[in-house]
Amino acid sequence: MFNNIPPLTRNLIIINIAVYVISNFFLYALQKPELYNLLSAFYPFSPNFKSWQIVTHMFMHAPFEGGAGIMHILFNMFTLYSFGPILEQSLGDKKYLILYFLSGLGAFFLFNLWNFVEIQQITSTLQELGIDITEIYRQADINYSGDILLNNKTPEIFELSKELLIDLKSPMLGASGAIFGVIAAFATLYPEARIGIMFIPIPVKVKYVLPVVVIGSIYLGISGNGGGIAHLAHVGGAIVGFILAKIWKKHLYRFK
């Protein structure tokens, strides 16, 4: 099967799978989650953020955890396998790589832009209530070995402090943003293409599917009903994929 996949898509799938195997079945089995802490992308102003995470988070996926987490990487890789080869062949190697990585960066940017707005609201409220947030930032460091002691003067202060701590310690990870960029580019270049969707008996034109998915992701991301999924990252990737495909579409068959 891999021999029939164009080289860039094939190598991206192989790298993602290799990183998943190493981070889960070697290091996690040895109770060494350091790779997740180093390569997943934390909020840029978190004490856990490292500059390389902007790129490396695209190759990390949810931990195996008894089998449930494996669906994350399986879904992403199957989607890349479904849409990537066509774009790689039509755009050419250089544009395809630009599309993939810029979409991943767009996902990181939009997700953390929303994070910034939310965290600023929390910190402003805590400071208005007379709380020094520097201690929360100190305790948010994944290398912090002391007791987590949040201010509990009032239930509101305790909940806000807890929410800020979670935001600073919770990374984003996965290739979904880059892959949503691939899907958006495909829908822009081939809007009349029909794809099968679970629970819908007939193929649906991709130009109808993408807006529904994006609008749904915006709602879930803003409402906070995402269930631990970085929906706004998907939107960021899709926006970049759409813009790049629009730019390239006019010259698709002249320049590669």
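Since the model is a prediction, treat every value here as computed from it, not as a measurement.

Considerations on the overall build of the chain
For step 1, the next point in the chain: Along the backbone of the chain there are 10 helices and 2 strands.
For step 2, the next point in the chain: Listed N to C, the secondary structure of the chain is α-α-α-α-α-α-α-α-β-β-α-α in terms of helices and strands.
For step 3, the next point in the chain: Residue burial in the chain is summarised as follows: out of 256 residues, 43% are buried.
For step 4, the next point in the chain: In the chain, the share of contacts with a sequence separation of at least 24, taken over all contacts with a separation of at least 6, comes to 70%.

Some thoughts on the nonpolar core
For step 1, the next point in the chain: Core analysis: the biggest nonpolar cluster contains 44 residues, and Leu 80, Leu 87, Leu 99, Tyr 100 and Ile 179 have the highest contact counts within it.
For step 2, the next point in the chain: Not counting residues within four places of it along the chain, the set of residues in contact with Tyr 100 comprises Leu 12, Asn 16, Leu 80, Ala 175, Ala 178, Ile 179 and Val 182.
For step 3, the next point in the chain: Judged by nonpolar contacts, the second largest core, of 14 residues, contains Tyr 43, Ala 140, Leu 150 and Ile 157.

Description of the environment of Ile 215
For step 1, the next point in the chain: The residue Ile 215 is located in helix α9 (residues 206-223) in this model.
For step 2, the next point in the chain: Taking the C-alpha atoms as reference points, Ile 215 and Val 235, separated by 20 residues in sequence, lie 8.5 Å from one another.

Details of the layout of surface pockets
For step 1, the next point in the chain: Roughly 160 Å³ of volume is contained in the second largest pocket.
For step 2, the next point in the chain: Contributing to the lining of the second largest pocket are 13 residues, with Ala 184, Ala 187, Thr 188, Leu 210 and Phe 242 lying nearest its centre.
For step 3, the next point in the chain: Among the secondary structure elements, those contributing two or more residues to the lining of the second largest pocket are α8 (176-189), α9 and α10 (231-249).
For step 4, the next point in the chain: Top contributing element to the lining of the second largest pocket by residue count: α10, with 6 residues.

A look at α8
For step 1, the next point in the chain: With 14 residues, α8 extends 20 Å from end C-alpha to end C-alpha; this agrees with the ideal 20 Å at 1.5 Å per step.
For step 2, the next point in the chain: Among the 14 residues in α8, 14 count as buried, and that is most of the element.

Side note on the confidence of the model for the chain
For step 1, the next point in the chain: Scored by pLDDT, the chain has a mean of 86; 89% of the residues are at 70 or more.
For step 2, the next point in the chain: Within the chain, strand β1 (residues 194-195) has the poorest average pLDDT of any element, 77, and helix α3 (residues 53-56) the best, 96.

A closer look at the pattern of salt bridges
For step 1, the next point in the chain: Going through the model one piece at a time under the given rule, you end up with 3 salt bridges.
For step 2, the next point in the chain: For Glu 192, the salt bridge goes to Lys 205, with nearest N and O atoms at 2.7 Å. Of this pair, Glu 192 sits in the loop between α8 and β1 while Lys 205 sits in strand β2 (residues 204-205), and the two are 13 residues apart along the sequence.
For step 3, the next point in the chain: Glu 192 sits in the partly exposed class, given a relative accessible area of 42%.
For step 4, the next point in the chain: One salt bridge connects Glu 192 with Lys 207, and the closest N-O pair in it is separated by 2.7 Å. A residue pair is termed long-range when its members are at least 10 positions apart, and Glu 192 in the loop between α8 and β1 and Lys 207 in helix α9 qualify at 15 residues.
For step 5, the next point in the chain: Take Lys 207: its relative accessible area is 31%, and that puts it in the partly exposed class.

Some thoughts on the environment of Pro 44
For step 1, the next point in the chain: In this structure, Pro 44 sits in the loop between α2 (34-39) and α3.
For step 2, the next point in the chain: Of the residues examined, Pro 44 reaches a relative accessible area of 28% and is grouped as partly exposed.
For step 3, the next point in the chain: Separated by 72 residues in sequence, Pro 44 and Phe 116 have C-alpha atoms that sit 8.9 Å apart.
For step 4, the next point in the chain: Once you skip the residues sitting within four places of it in the chain, Pro 44 turns out to touch Phe 49, Phe 108 and Asn 112.

Re the packing of aromatic side chains
For step 1, the next point in the chain: With the rule as written, the count across this model stands at 7 aromatic pairs.
For step 2, the next point in the chain: Arranged with centres 5.4 Å apart and planes meeting at 45°, the rings of Phe 186 and Tyr 190 form a pair that is tilted.
For step 3, the next point in the chain: We classify Tyr 190 as partly exposed; its relative accessible area is 23%.
For step 4, the next point in the chain: An aromatic cluster is present here, built from Tyr 43, Phe 45 and Phe 116 joined pairwise through their rings.

Conventions adopted
- Residues numbered from 1 in each chain as written.
- Predicted model: local features only at pLDDT ≥ 70, side-chain atom pairs only at ≥ 80, totals over all residues.
- Heavy atoms only, no water.
- Helix = DSSP H or I, 4+ residues; strand = E, 2+ residues; numbered from the N terminus.
- Buried < 20%, exposed > 50% of the residue type's maximum accessible area, 1.4 Å probe, protein only.
- Contact = heavy atoms within 4.5 Å.
- Core = buried A, V, L, I, M, F, W, Y, C linked by side-chain atoms within 4.5 Å.
- 1 Å grid on protein atoms, 1.4 Å probe; cavity = no way out; pocket = protein on both sides within 12 Å on 5 of 7 lines; lining within 4 Å.
- Points joined across faces, edges and corners; volume = space filled by probe spheres on them.
- Expected span 1.5 Å × (residues − 1).
- pLDDT = per-residue confidence, 0-100.
- Salt bridge = Lys/Arg side-chain N within 4 Å of Asp/Glu carboxyl O.
- Phe/Tyr/Trp six-rings, centres within 6.5 Å; stacked < 30°, edge-to-face > 60°.

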